Amino acid sequence: MAQFVVECSKGHHFTTQWVPLISFKAVRLGSERYQWCPSCRHFRMIHRVQAA
């Protein structure tokens, strides 16, 4: 499993495991996921950050 940088809906960045078509600790909703954000300590919508 690969680690990717993601961003929550409040703008916090953190790393998480992101496996296409599978989610172990999140609810998939299209290209985004509903997952716990360790920075703001709430469940938030998250999406992968594109490499710059």
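Anything mentioned here points back to the structure above.
Owing to the predicted nature of the structure, the values given are computational and were not obtained by experimental measurement.

**Q** Explain the sheet that holds strand S2 (residues 13-17) to me, please; I cannot follow it from the model alone.
**A** Pairing between the strands of a sheet is mediated by backbone hydrogen bonds and can be parallel or antiparallel. Read from one edge to the other, the open sheet built from five strands follows the order S2-S1-S5-S4-S3, with strand pairing classed as antiparallel. The open sheet is flanked by S2 and strand S3 (27-29), the only strands paired with a single partner. Pairwise comparison of adjacent strand axes, ignoring direction, gives a mean angle of 45° for this sheet. Judged from the three bridges that link them, strand S1 (residues 3-8) and strand S5 (residues 42-48) form a sheet pairing that is antiparallel. Residue pairing in the sheet places Val-6 in a bridge with Arg-48 of S5.

**Q** What should I look at first to understand a nonpolar patch on the surface in this one?
**A** Together, Val-27, Leu-29, Tyr-34, Trp-36 and Phe-43 give the surface a local cluster of nonpolar side chains, amounting to about 510 Å² of exposed area. Of all the secondary structure elements, the ones that give two or more residues to the nonpolar patch are S3 and strand S4 (32-37). Residue position: Val-27 is located in strand S3. Using a relative accessible area of 47% as the deciding quantity, one classes Val-27 as partly exposed.

**Q** Honestly, the pairing of S5 in this entry has me stumped. Any pointers?
**A** In summary, the side chains of a regular strand alternate between the two faces of the sheet. As defined by bridge partners, S4 adjoins S5 across five bridges and the pair is classed as antiparallel. Among the inter-strand pairings, Tyr-34 is bridged to a residue of S5, identified as Met-45. Linking two consecutive strands that pair antiparallel, namely S4 and S5, is a turn of four residues; a positive phi of about 60° is found at Arg-41 within it.

**Q** Even after reading the chapter, I still don't get unusual backbone geometry, so can you show me in this structure?
**A** Even without being a glycine, Arg-41 presents a positive backbone phi close to 60°. Within the secondary structure, Arg-41 is located in the loop between S4 and S5.

**Q** Explain the packing of aromatic side chains here, please?
**A** What characterises a pair of aromatic rings is the spacing of the ring centres plus the angle enclosed by the ring planes. Under the defined criterion, the tally for this structure stands at two aromatic pairs. With 5.8 Å between their ring centres and 20° between their planes, Tyr-34 and Phe-43 make a pair best called stacked. Overall, the relative accessible area of 46% leaves Phe-43 in the partly exposed class. One aromatic cluster is present, built from ring pairs that chain together Tyr-34, Trp-36 and Phe-43. Here Arg-48 stacks its cationic end above the ring of Phe-4, 3.8 Å away from the centre of that ring.

Quick notes on the rules
Residues numbered from 1 in each chain as written. Predicted model: local features only at pLDDT ≥ 70, side-chain atom pairs only at ≥ 80, totals over all residues. Heavy atoms only, no water. Pairing = 2+ DSSP bridges. Helix = DSSP H or I, 4+ residues; strand = E, 2+ residues; numbered from the N terminus. Axes fitted to C-alpha atoms, helices over the stretch in contact; angles between N-to-C directions. Patch = residues over 30% accessible without salt bridge, like charges linked within 9 Å, V, L, I, M, F, W, Y side chains within 5 Å. Areas by Shrake-Rupley, 256 points an atom, 1.4 Å probe, with all protein chains shown as cover. Salt bridge = Lys/Arg side-chain N within 4 Å of Asp/Glu carboxyl O. Buried < 20%, exposed > 50% of the residue type's maximum accessible area, 1.4 Å probe, protein only. Phe/Tyr/Trp six-rings, centres within 6.5 Å; stacked < 30°, edge-to-face > 60°. Lys NZ or Arg CZ within 6 Å of the ring centre and 35° of its normal.

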